[in-house]
Amino acid sequence: MVEAPVIEHPPTAQDAEGVEEIARVLREEICLLDHAPGTALSENGTAKRFGTSRTVIKRVFYGLEYDGLVESIAGVGTIVTSIDLVYLQQVYALRFKLMELVGDFSAGRVTDENIGRMLELAGATEALQGSFDYRELARLYMYFAQEFGRAIGNRPFLEIMDRLFYQTSRVYLQVLPDMDFEQEVDIAVQEMRDITKAIEERDMNEVSRLRRYHMAWNLRRFNHYLSSAIFDVQPAAEFEFEP
């Protein structure tokens, strides 16, 4: 017996809200390696998990594919992308270059809520000392990057930087277990407090400099802990680092 065709109804405003929220959850889970590279994501299983339709999940997967976090393979399904270190090197270089633009942005959109939230995240990160909770450190760092983008207030810039950040964030959690956790917490807290202070002072040139400094410092540490120097840290040449 031939099954009746599935009728795809036009998405509603409620569907759109569902797509955004489900995508946010899955994006975070992929960035935090809850879904490892190569993991297959089932449309049916994901729809059942979130209590929604396959139509909504298809739209979610399209968005995640645009972010570079999943890929659709004919005859296989939707797969979490592998971490292509050569490609990520290029992404880091682009992020570093784009961050120079922040110095030209106005600080007029910065709010006390942005600053309060960033300080709250710095405090929560500092409280991780002694916990060795790698996932939580990566999660709080991701939230800080998101709040930083909201404080900048340039939506097109935020969308581009978020997409690039998500593609590189998995490397951070991947290398954390091989790094000095206590030191990594201290470095993350220092970055959060430094950048928050510069934003609070509405000094966008200093915000740009600090963000690029810490990006370059991260790359330098990653190279030290990975078996081979996979990242081009040439942009870091303008900065001096502690040994």
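Further up the page is the structure itself.
To keep things clear, this report deals only with the structure shown in the data block. Computed from a predicted model, the values in this text were never measured in an experiment.

### Let's talk about the environment of Arg27
Logical step 1: Tracing the sequence through the fold places Arg27 in helix H1 (residues 13-31).
Logical step 2: Apart from residues no more than four positions distant in its own chain, Arg27 is found in contact with Leu64, Asp67, Leu69 and Tyr166.

### Structural notes on the sheet that holds strand E2 (residues 70-73)
Logical step 1: Spatially, the three strands line up as an open sheet ordered E1-E3-E2, and their pairing is antiparallel. Taken across any chain shown, the strands that pair with only one partner, and hence form the sheet edges, are strand E1 (40-41) and E2.

### Section: the nonpolar core
Logical step 1: Counting 70 residues, the largest nonpolar core has Val60, Leu64, Val102, Leu137, Phe148, Ile199 and Phe222 as its most contacted members.
Logical step 2: Secondary-structure elements contributing two or more residues to this core are H1, helix H3 (54-66), helix H4 (85-99), helix H5 (112-126), helix H6 (134-152), helix H7 (155-175), helix H8 (181-200) and helix H9 (204-225).
Logical step 3: It is H6 that provides the largest number of residues to this core, a total of 11 residues.
Logical step 4: Those residues in contact with Phe148 that lie beyond four places of it in its chain are Met99, Met118, Ile195, Ile199, Val207 and Arg211.

### Some remarks on empty space enclosed by the protein
Logical step 1: Scanning the entire structure with this criterion turns up three cavities of 30 Å³ or more.
Logical step 2: Empty space within the largest cavity amounts to approximately 140 Å³.
Logical step 3: Lining the largest cavity are 15 residues, and of these Tyr92, Tyr141, Phe165, Ser169 and Tyr172 lie nearest its centre.
Logical step 4: Among the residues forming the lining of the largest cavity, the class breakdown is 10 nonpolar, three polar and two charged.
Logical step 5: What lines the second largest cavity is Arg95, Met99, Ala145, Gln146, Phe148, Gly149, Phe157, Leu158, Met161, Asp162, Phe165 and Arg211.
Logical step 6: Of all the secondary structure elements, the ones that give two or more residues to the lining of the second largest cavity are H4, H6 and H7.
Logical step 7: Here the lining of the second largest cavity takes five residues from H7, the largest share from any one element.

Conventions adopted
Residues numbered from 1 in each chain as written. Predicted model: local features only at pLDDT ≥ 70, side-chain atom pairs only at ≥ 80, totals over all residues. Heavy atoms only, no water. Helix = DSSP H or I, 4+ residues; strand = E, 2+ residues; numbered from the N terminus. Contact = heavy atoms within 4.5 Å. Pairing = 2+ DSSP bridges. Core = buried A, V, L, I, M, F, W, Y, C linked by side-chain atoms within 4.5 Å. Buried < 20%, exposed > 50% of the residue type's maximum accessible area, 1.4 Å probe, protein only. 1 Å grid on protein atoms, 1.4 Å probe; cavity = no way out; pocket = protein on both sides within 12 Å on 5 of 7 lines; lining within 4 Å. Points joined across faces, edges and corners; volume = space filled by probe spheres on them. Nonpolar A, V, L, I, M, F, W, Y, C, P; charged D, E, K, R; others polar.

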